[in-house]
Amino acid sequence: MSRSRTLIKYVLLQGPALALLVLVLLLVRRWTDYHPWIFWTVLALWIIKDAAMYPVYRKALSSNGRSDSVIGARGIARERIAPSGYILVRGELWRARLREGSPAVEEGDPVRVLKIEGLTLEIVPEREE
């Protein structure tokens, strides 16, 4: 997904919260007598917060919600896998299962992701490829 589409997606996701903030500020303004600069300051801080958080969310938004982006990725076994266990792929911990007929994988060994089924990755030892 292009950067501009990712940014648009982020802005659209943040829009309802911003609109709710404006509504709450306007209602509070109606019931109290605060200075208008408070409204604009809170609004500006909220927008700055959203801008600062964009880099954090950009990767998740650009993946388009597809978990198949890990297919073909290299991972590291976090424990002995025979036939299942946990691996670390791109900084995320995943449940993994060895492809049928593959030898056991020891902790720290590199593996390659073949496919994803639900929340479990099918893997092979990298040396087997």
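Everything here concerns the structure above.
The present account deals with the structure reproduced in this document. For clarity, every value in this text was computed on a predicted model and none was experimentally measured. (Residues numbered from 1 in each chain as written. Predicted model: local features only at pLDDT ≥ 70, side-chain atom pairs only at ≥ 80, totals over all residues. Heavy atoms only, no water.)

**As for the overall build of the protein**
Part 1: When helices and strands are counted, the protein shows two helices and five strands.
Part 2: Its helices and strands in sequence order give the protein the pattern α-α-β-β-β-β-β, from N to C terminus.
Part 3: On C-alpha atoms alone, the protein measures out to a radius of gyration of 23 Å, which is more than a quarter above the 14 Å that the 2.2 N^0.38 rule sets for 129 residues.
Part 4: In terms of overall dimensions, the protein has C-alpha extents of about 70 × 30 × 20 Å along its principal axes.
Part 5: Across the 129 residues that make up the protein, the buried fraction comes to 25%.
Part 6: Of the contacts made within the protein by residues no fewer than 6 positions apart, 51% connect residues no fewer than 24 positions apart.
Part 7: For the protein, the exposed area adds up to about 8,700 Å²; of that, 61% sits on carbon and sulfur atoms. (Helix = DSSP H or I, 4+ residues; strand = E, 2+ residues; numbered from the N terminus. Rg over C-alpha atoms; globule rule 2.2 N^0.38 Å. Buried < 20%, exposed > 50% of the residue type's maximum accessible area, 1.4 Å probe, protein only. Contact = heavy atoms within 4.5 Å. Areas by Shrake-Rupley, 256 points an atom, 1.4 Å probe, with all protein chains shown as cover.)

**Structural notes on a nonpolar patch on the surface**
Part 1: Taken together, the side chains of Leu-20, Leu-23, Val-24, Leu-27, Val-28 and Trp-31 present a nonpolar region at the surface, about 570 Å² in accessible area.
Part 2: Looking at the element boundaries, Val-24 is found in helix α1 (residues 3-31).
Part 3: When its relative accessible area of 40% is taken as the criterion, Val-24 is described as partly exposed. (Patch = residues over 30% accessible without salt bridge, like charges linked within 9 Å, V, L, I, M, F, W, Y side chains within 5 Å. Salt bridge = Lys/Arg side-chain N within 4 Å of Asp/Glu carboxyl O.)

**Here we look at unusual backbone geometry**
Part 1: The omega torsion of the bond from Ala-82 to Pro-83 falls at 5 degrees, within 30 degrees of zero and hence cis.
Part 2: Looking at the secondary structure, you find Pro-83 in the loop between β1 (74-77) and β2 (84-89).
Part 3: Not every positive phi belongs to a glycine, and Arg-90 is a case in point at roughly 50 degrees.
Part 4: With respect to the helices, strands and loops of the structure, Arg-90 is situated in the loop between β2 and β3 (92-98).

**Remarks on the pattern of salt bridges**
Part 1: Counted by the stated rule, this structure contains nine salt bridges.
Part 2: In this structure, Asp-50 engages Lys-49 in a salt bridge whose closest nitrogen and oxygen atoms are separated by 2.6 Å.
Part 3: Overall, the relative accessible area of 34% leaves Lys-49 in the partly exposed class.
Part 4: The salt bridge involving Arg-97 is made with Glu-117; its shortest N-O contact spans 3.3 Å.

**A short note on helix α2 (residues 36-62)**
Part 1: Under the 1.5 Å per step criterion, the end-to-end length of α2 is 37 Å for 27 residues, consistent within 8% with the ideal 39 Å.
Part 2: The principal kink in α2, of about 50 degrees, is found at Val-56.
Part 3: Among the residues making up α2, those that are buried are Phe-39, Leu-43, Asp-50, Tyr-54 and Leu-61.
Part 4: Looking at the buried side of α2, the elements it contacts are α1. (Expected span 1.5 Å × (residues − 1). Bend = angle between axes of the 7 residues up to and from the residue.)

**Structural notes on the nonpolar core**
Soluble globular proteins: nonpolar side chains tend toward being buried together.
Part 1: Ile-81, Ile-87, Val-89, Val-113, Leu-121 and Ile-123 are the most contacted members of the largest nonpolar core, which has 14 residues in total.
Part 2: For this core, the secondary-structure elements that each account for two or more residues are β2, β3, β4 (110-117) and β5 (120-125).
Part 3: Considering each element in turn, this core owes the most residues, three residues, to β3.
Part 4: Those residues in contact with Val-113, other than ones at most four positions away along the chain, are Val-70, Ile-71, Gly-72, Ala-73, Ile-87, Val-89, Leu-121, Glu-122 and Ile-123.
Part 5: Of all hydrophobic cores here, the second largest spans five residues; its members include Leu-21, Leu-25, Tyr-34 and Leu-43. (Core = buried A, V, L, I, M, F, W, Y, C linked by side-chain atoms within 4.5 Å.)

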